[in-house]
Amino acid sequence: MLIIAAHPDDEVLGCGGTCARLAREGHDVYIAILGEGATSRYNRREEADPSLVAGLHARSREAAHILGAKEVFLHDLPDNRFDTVPLLDVVKIVEALVGRLRPEVVYTHHGGDLNVDHAVVHRAVLTATRPIPSQTVRELYTFEVPSSTEWAFQQFKPVFRPNVFVDVSHTLETKLQAMRTYETEARDFPHPRSAEALRALARRWGSAVGCEAVEAFELVRALE
Ligand SMILES: [Zn+2]
């Protein structure tokens, strides 16, 4: 399994509970984070304190450890400026990861998110995992990221329409623990990235499918 996220914390927000569950069940789960994170808080990327990015990298490793991932791959695309990078360059990063790790299942961003980096990653992953005969990826899912997917208010196509639900009743607390490592990214309720809101979202999808807590995904394609 390979989780491909734009920013440090998206991997936890989008599928942290699923990641922890799959790792516990013995699957090899890898995480790739394509962007450096945080530097968009400065007017110019060069003004950002380098220790900020280094700190986020350390937190990503800590979060991956909590979730039970085998390894996390950290890249440095410019935060909230992925649309200034040729799409092909992003595709090449993902192709290299897929070629090296040979995942069978990939989880990534939904294409209709408000955040432009999420949309770029979605498109790059679809391109890099296109089903040519040598392709190892047999299942491709998109996840929702609270504070980006719902904040598009269905103004961008496609709208997130989850149709695969993973029971994370036993790993939701692990997800919240991993999220706590990203103290600079977490917020107080009612922000969508607060622990309370994340718990509410898991229970909302859980109630839709008869479970205590669930992470919701949209299947892009599967090859049986
Ligand atoms: Zn993000």
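Above: the structure in question.
Predicted, not measured: the structure shown is a model, and the values here were computed from it. (Residues numbered from 1 in each chain as written. Predicted model: local features only at pLDDT ≥ 70, side-chain atom pairs only at ≥ 80, totals over all residues. Heavy atoms only, no water.)

## Some details on the overall build of the protein chain
- From N to C terminus, the protein chain includes six helices and seven strands.
- Along the protein chain, helices and strands appear, N-terminal first, in the series β-α-β-α-β-α-β-α-β-β-α-α-β.
- Taken over C-alpha atoms, the radius of gyration comes to 16 Å for the protein chain, in line with the 17 Å a tight globule of 224 residues would show.
- Expressed as a percentage of its 224 residues, the buried residues of the protein chain come to 54%.
- In the protein chain, once contacts between residues fewer than 6 apart in sequence are set aside, the share between residues at least 24 apart is 81%.
- Accessible area for the protein chain stands at about 10700 Å²; split by element, carbon and sulfur atoms hold 50% of it.
- Of the charged side chains in the protein chain, 25 are positive and 32 negative; the average position of the first set lies 3 Å away from that of the second. (Helix = DSSP H or I, 4+ residues; strand = E, 2+ residues; numbered from the N terminus. Rg over C-alpha atoms; globule rule 2.2 N^0.38 Å. Buried < 20%, exposed > 50% of the residue type's maximum accessible area, 1.4 Å probe, protein only. Contact = heavy atoms within 4.5 Å. Areas by Shrake-Rupley, 256 points an atom, 1.4 Å probe, with all protein chains shown as cover. Lys, Arg positive; Asp, Glu negative; His and termini not counted. Charge placed at Lys NZ, Arg CZ, Asp CG, Glu CD.)

## Some remarks on the coordination of the zinc ion
- H7 (ND1), D10 (OD), D10 (OD) and H118 (NE2) make up the full set of protein donors to the zinc ion, lying at 2.0 to 2.4 Å.
- All donors of the zinc ion come from a single chain, and their spacing in sequence reads H-x2-D-x107-H. (Donors = N, O, S within 2.8 Å, 3.2 Å for Na, K, Ca; no water.)

## Some thoughts on the pairing of strand β7 (residues 214-222)
- In this structure, strand β5 (residues 139-143) lies alongside β7, joined through five bridges in antiparallel fashion. Its bridge partner being in β7, Y141 is matched across the sheet by L219.
- As judged from the four bridges shared by strand β6 (residues 164-167) and β7, these two strands associate in the antiparallel manner. When the sheet's bridge partners are listed, V166 is paired in β7 with E215. (Pairing = 2+ DSSP bridges.)

## Things to note about the environment of R187
- Mapped onto the elements, R187 comes out in the loop between α5 (172-181) and α6 (195-209).
- When the C-alpha atoms of R187 and A197 are compared, they prove to be 9.8 Å apart, with 10 residues separating the residues in sequence.
- Residue contacts for R187: discarding those within four places in its chain leaves R41, R193 and S194.

## Brief notes about the pattern of salt bridges
- Throughout the structure, instances matching the rule amount to eight salt bridges.
- Between R21 and E25 there is a salt bridge; the shortest N-O distance is 2.8 Å.
- Classification of R21 as partly exposed rests on a relative accessible area of 30%.
- Residue classification places E25 among the partly exposed residues on the basis of a relative accessible area of 47%.
- E173 serves as the salt-bridge partner of R199, at 3.0 Å between the closest nitrogen and oxygen. In this pair, R199 is assigned in helix α6 and E173 in helix α5, connecting sequence segments 26 residues apart. (Salt bridge = Lys/Arg side-chain N within 4 Å of Asp/Glu carboxyl O.)

## Regarding unusual backbone geometry
- Between K157 and P158 the backbone carries a cis peptide bond, its omega angle lying at -5°.
- Inspection of the secondary structure puts P158 in the loop between β5 and β6.
- The peptide bond linking F189 to P190 adopts the cis configuration, its omega dihedral lying at 15°.
- Position of P190 relative to the elements: it lies in the loop between α5 and α6.

## Side note on the pairing of strand β2 (residues 30-35)
- Burial analysis of β2 places six of its six residues in the buried class, the great majority of the element.
- Relative to β2, strand β1 (residues 2-5) runs parallel, the two sharing four bridges. Bridge assignment links I3 to a residue of β2, and that residue is I31.
- On the question of chirality, the crossover connecting β1 to the parallel β2 by way of helix α1 (residues 10-24) is right-handed.
- Bridge count for β2 against strand β3 (residues 71-77) is five bridges, and the pairing is parallel. Looking at β3, one finds that A32 is bridged to F73. (Right-handed = clockwise from strand over helix to strand, strands pointing away.)

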